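Structural overview
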Amino acid sequence: GEDVEQSLFLSVREGDSSVINCTYTDSSSTYLYWYKQEPGAGLQLLTYIFSNMDMKQDQRLTVLLNKKDKHLSLRIADTQTGDSAIYFCAESTDSSYKLIFGSGTRLLVRP
Amino acid sequence: DAEITQSPRHKITETGRQVTLACHQTWNHNNMFWYRQDLGHGLRLIHYSYGVHDTNKGEVSDGYSVSRSNTEDLPLTLESAASSQTSVYFCASSHDTYEQYFGPGTRLTVT
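Quick caveat: nothing in here was measured; it's all calculated off a predicted structure. (Residues numbered from 1 in each chain as written. Chains lettered and ligands numbered in written order. Predicted model: local features only at pLDDT ≥ 70, side-chain atom pairs only at ≥ 80, totals over all residues. Heavy atoms only, no water.)

**Some points on the overall build of chain A**
- For chain A, the count of helices and strands is 0 helices and 11 strands.
- Listed by position from the N terminus, the elements making up chain A come as β-β-β-β-β-β-β-β-β-β-β.
- A compact globule built from 111 residues should have a C-alpha radius of gyration of about 13 Å, and chain A, at 13 Å, falls within 12% of that.
- Each of the three principal axes of chain A carries a C-alpha extent, and together these read 45 × 30 × 20 Å.
- In chain A, 11 positive and 14 negative side-chain charges are present, and the distance between their average locations comes to 3 Å. (Helix = DSSP H or I, 4+ residues; strand = E, 2+ residues; numbered from the N terminus. Rg over C-alpha atoms; globule rule 2.2 N^0.38 Å. Lys, Arg positive; Asp, Glu negative; His and termini not counted. Charge placed at Lys NZ, Arg CZ, Asp CG, Glu CD.)

As structure tokens, this is what we get:
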């Protein structure tokens, strides 16, 4: 079945880069997403990538996709304290609008 | 501004009681989703709907039901609340795209 896995916790110093990793098992995944959840709030879409792309950059965010290894990563450059949140990787396929989420990575940014 | 709201934001109920969580969106989105968020599990899909009178079971649908009588609302009902249903519940919507917009969540405690 479909499965999305992430490491649970990442701690970085303010100003450093953060890299959050995700692996997925469904080879028919067409779209892959990164959502951000701040404390006490719902999820907010940060960025997404189509499976026929290798990389997508959006300001401080860089998404890398290795389709062969089914590995997705999110790099946040110049990480700020406001980036502290839980980051969820998610996948979907052409056949539905459902999302399969990973368990989330809690990012802590230390001053 | 269009939005998605959930009510109540917090609910405490007793085992065996029926509970209904409300979700209302003003984007006129076709697709609506209910998730539960538990530590270590990320978000798991409970039920979803692709339009009025359409409902589908998700990954963890046992003990829950939904109905879609109009475009704006997808209430989630726990027929007989159980302690295992203590969780944070998120509603989301999308309009024939893969970007889902999330509500602020409802924290439900079953005692």
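**Looking at the sheet that holds strand 3 (residues 19-25) of chain B**
Residue and element names in this part refer to chain B.
- Across the sheet, which stays open at both edges, the 4 strands sit in the order 1-3-8-7 with antiparallel pairing between neighbours. Single-partner strands in this sheet number two, and they are strand 1 (4-7) and strand 7 (64-66). Across the sheet, the mean angle from the axis of one strand to that of its neighbour is 20°, orientation sign disregarded.
- Looking at chain direction, strand 7 and strand 8 (residues 76-78) are connected through 3 bridges and run antiparallel. Pairing of Ser65 across the sheet is with Thr77, part of strand 8. (Pairing = 2+ DSSP bridges. Axes fitted to C-alpha atoms, helices over the stretch in contact; angles between N-to-C directions.)

**Thoughts on a nonpolar patch on the surface**
- On the surface, Leu8, Phe9 and Leu108 of chain A cluster together into a nonpolar patch covering about 310 Å² of accessible area.
- Secondary-structure assignment places Leu8 of chain A in the loop between strand 1 (4-6) and strand 2 (9-13). (Patch = residues over 30% accessible without salt bridge, like charges linked within 9 Å, V, L, I, M, F, W, Y side chains within 5 Å. Areas by Shrake-Rupley, 256 points an atom, 1.4 Å probe, with all protein chains shown as cover. Salt bridge = Lys/Arg side-chain N within 4 Å of Asp/Glu carboxyl O.)

**Here's the deal with the packing of aromatic side chains**
- Within this structure, the stated rule accounts for 15 aromatic pairs over all chains.
- Ring geometry for Phe101 of chain A and Phe102 of chain B: centres 6.1 Å apart, planes at 75°, overall edge-to-face. On the criterion of chain membership, the pair formed by Phe101 of chain A in strand 10 (residues 100-101) and Phe102 of chain B in strand 10 (residues 101-102) is interchain, its members lying in two chains. Taken as a pair, Phe101 of chain A and Phe102 of chain B share a single burial class, namely buried.
- Residues Phe33 of chain B and Tyr35 of chain B carry aromatic rings whose centres are separated by 6.4 Å and whose planes lie at 25° to one another, so their mutual orientation is stacked.
- On the basis of relative accessibility, which here comes to 0%, the residue Phe33 of chain B falls in the buried class.
- Judged by relative accessible area, Tyr35 of chain B falls into the buried class, the value being 0%.
- One aromatic cluster in this structure is built from Tyr31, Tyr33, Tyr35, Tyr48, Phe50, Phe88 and Phe101 of chain A together with Phe33, Tyr35, Tyr48, Tyr50 and Phe102 of chain B. (Phe/Tyr/Trp six-rings, centres within 6.5 Å; stacked < 30°, edge-to-face > 60°. Buried < 20%, exposed > 50% of the residue type's maximum accessible area, 1.4 Å probe, protein only.)

**Describing the interface of chain A and chain B**
- Listed as interface residues are 20 residues of chain A and, on the opposing side, 21 residues of chain B.
- Summing the contributions of chain A and of chain B, the shared interface buries around 1600 Å²; its carbon and sulfur component is 60%.
- Linking chain A to chain B there are 2 residue pairs in polar contact (both at pLDDT 80 or more).
- Those elements that provide at least two residues to the side of chain A that touches chain B are strand 4 (31-37), strand 5 (43-50) and strand 9 (85-92) of chain A.
- Per element, the largest residue contribution to the side of chain A that touches chain B is 4 residues, and it comes from strand 4 of chain A.
- In the side of chain A that touches chain B, the residues fall into 10 nonpolar, 8 polar and 2 charged. (Contact = heavy atoms within 4.5 Å. Buried area = accessible area lost by both parts, 1.4 Å probe. Polar contact = N/O pair within 3.5 Å; in protein donor to acceptor, adjacent residues only side chain to side chain. Nonpolar A, V, L, I, M, F, W, Y, C, P; charged D, E, K, R; others polar.)

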